[in-house]
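Working through the structure, step by step
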Amino acid sequence: MSDARLSTLAVSGGFSDPVFEAQAVFRALMDVTARPGTVHTLPAGVAPPAPLGQGPGAVALALCDPDTPVWLDRDIDSESVRAWLSFQCGAPLAQGPERSAFAFVKGETMPDMADFASGTQEYPDRSTTLVVEVEALDGGAALRLEGPGIDGQRRIAPRGLPATFMTQRAANRALFPRGVDVVLVAGLCMMALPRSTVVSHVNEPEAG
Amino acid sequence: MSAAAALGEDLATYNFAYLDEQTKRMIRRAILKAIAIPGYQVPFASREMPMPYGWGTGGVQVTASIIGPQDVLKVIDQGADDTTNAVSIRAFFQKVASVAVTTKTREATIIQTRHRIPEEKLQAGQVLVYQVPIPEPLRFLEPRETETRKMHALEEYGLMHVKLYEDIARHGHIATTYAYPVLVAGRYVMDPSPTPKFDNPKMDMSDALQLFGAGREKRIYAIPPHTRVVSLDFEDHPFEIQTFDEPCALCGAEGVYLDEVILDDRGGRMFVCSDTDHCEDRRAAGHRGRLSPDEAYAGHGQVQEDTGR
Ligand SMILES: [Zn+2]
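Reference entry: report on the structure contained in this document. (Residues numbered from 1 in each chain as written. Chains lettered and ligands numbered in written order. Predicted model: local features only at pLDDT ≥ 70, side-chain atom pairs only at ≥ 80, totals over all residues. Heavy atoms only, no water.)

Remarks on the pattern of salt bridges
Any two side chains of opposite charge can pair, given that their charged atoms come close. Counting across every chain of the model gives 31 salt bridges over all chains. Residue Asp71 of chain B is joined to Arg27 of chain A by a salt bridge in which the shortest nitrogen-to-oxygen separation is 2.7 Å. Separated into two different chains, Asp71 of chain B in the loop between helix H3 (57-66) and strand S2 (72-77) and Arg27 of chain A in helix H2 (residues 18-34) make up a pair that spans both. Here Asp71 of chain B and Arg27 of chain A have matching classes, each one buried. For Asp204 of chain B, the salt bridge goes to Arg228 of chain B, with nearest N and O atoms at 2.7 Å. (Salt bridge = Lys/Arg side-chain N within 4 Å of Asp/Glu carboxyl O. Helix = DSSP H or I, 4+ residues; strand = E, 2+ residues; numbered from the N terminus. Buried < 20%, exposed > 50% of the residue type's maximum accessible area, 1.4 Å probe, protein only.)

Next comes the structure, spelled out in structure tokens:
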């Protein structure tokens, strides 16, 4: 990014109280990751440049920094988003999705999860956290969640995921303990589908 | 060295919760990965804290990274809120994060602990943060980190079973009573930190999130709520928790973990709740043990006889 690109857009729209807002966003992320399928609403106030949404923007501000290469999907990538992430977080752009610590994508057009870093068998934590912006966290096809963090099962119905999501998700789950972790964001609402969660259509037989 | 002195006096200008923001982000990212891979030890760049290792620097860094102004913090050491270690960690967070503190288990949103899990069932929305000295359950069997990593990667846990079985061969039962290894979510063998094995069942399908921080060894790991935690055992030697022959001498509680307290130099002793808050709660609710002070004051003769043994 050239300095000429450092517009007023890049320097505005960050946390107004970075210490406490970052803590609040992280705590929401920790809660939704610990309880997959539950929804938390993020505090308002972050205003990233379009097309990066408010929710994904807040996640980026809370967790990204010079140590976390960030990858932007085509539909999110823009000079102003790059400039904003660079100024606000100091996060470098990843050379490719497989090199990213965080990736910001749109639900309908997201690349295959297999394109991202899934970690190694020795270090499965060295994997991409995929922040997926969807239309809504409800109103879609009913999905059943099972696994750690879920008492029995939980149902979700996010809208705006690609048709191949379930196949990708099953392939990702098969890599366990490797795999990418998914955060779904719609506006300021957020839920997590960490790699440990088994996702199935409600009309499919239950996971053993 | 006094607790206050140990914490240093140069905390006049500190960051909220002591750690700088970049360190918090790094630890927060590690915590999220730890939750996503239950029982797996995530490496992190542990920072120097204003207290020596062994004082729970790992747990303190985890707590410092998750705590916010709305939190209510409880700190226990071996079940007690009033030991030097617990008091100074509580004071530290009061000073650097201005958070509310409590000794009541049910009032706390974050409970930092060394070596115990509270007797009272933990709730959703509570986070239990363990101070961990040695996070690697395979360390005593294999000193090389590269090798233990490989064993976890390949799910090669045979050695661990061999070790437990040697116990049985030598003692007739599994003699390990602390840091008793568990299998988390059917995948990773994990060290539950030096809690008594009595507490292992409380880790299983807990409503609370459990986070583990090892400062010197630079590891963070987690058990999400509602996660299967199984103590390793054998079909012919099933896992069993410690049992106590008598109830708590102060509150009469049974089925809780008791500490032995020496009363005099003639062999007088009593067993009391290790969880001081639980014991106080029960006494406040009117429960009495054989050595409750007010029982003694009331002049119940049998107290005299019992202590005279
Ligand atoms: Zn008691």
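From this point, the discussion proceeds with the structure in view.
Observations concerning the environment of Phe244 of chain B
Residue and element names in this part refer to chain B. Note that Phe244 resides in the loop between strand S10 (229-231) and strand S11 (258-262). With 227 residues separating them along the chain, Phe244 and Ala17 place their C-alpha atoms 40 Å apart. Beyond its immediate stretch of four places on either side in the chain, Phe244 contacts Phe198, Val256, Tyr257 and Leu258. (Contact = heavy atoms within 4.5 Å.)

Quick word on the coordination of the zinc ion
Angles between donor atoms at a metal ideally measure 109.5 degrees for a four-coordinate tetrahedral arrangement and either 90 or 180 degrees for a six-coordinate octahedral one. Residues and elements named next belong to chain B. The protein atoms that coordinate the zinc ion are Cys248 (SG), Cys251 (SG), Cys273 (SG) and Cys279 (SG), at distances of 2.3 Å. Because the angles between the four donor atoms bound to the zinc ion fall within 105 to 117°, the donor set is best described as tetrahedral. Coordination of the zinc ion draws on donor residues from a single chain, spaced C-x2-C-x21-C-x5-C in sequence. With Cys248 in the loop between S10 and S11 and Cys279 in helix H8 (residues 276-284), this pair connects stretches of sequence that are 31 residues apart. Take Cys248: its relative accessible area is 1%, and that puts it in the buried class. Since its relative accessible area comes to 2%, Cys279 is described here as buried. (Donors = N, O, S within 2.8 Å, 3.2 Å for Na, K, Ca; no water. Tetrahedral: all angles 85-135°; square planar, octahedral: opposite > 155°, others 65-115°.)

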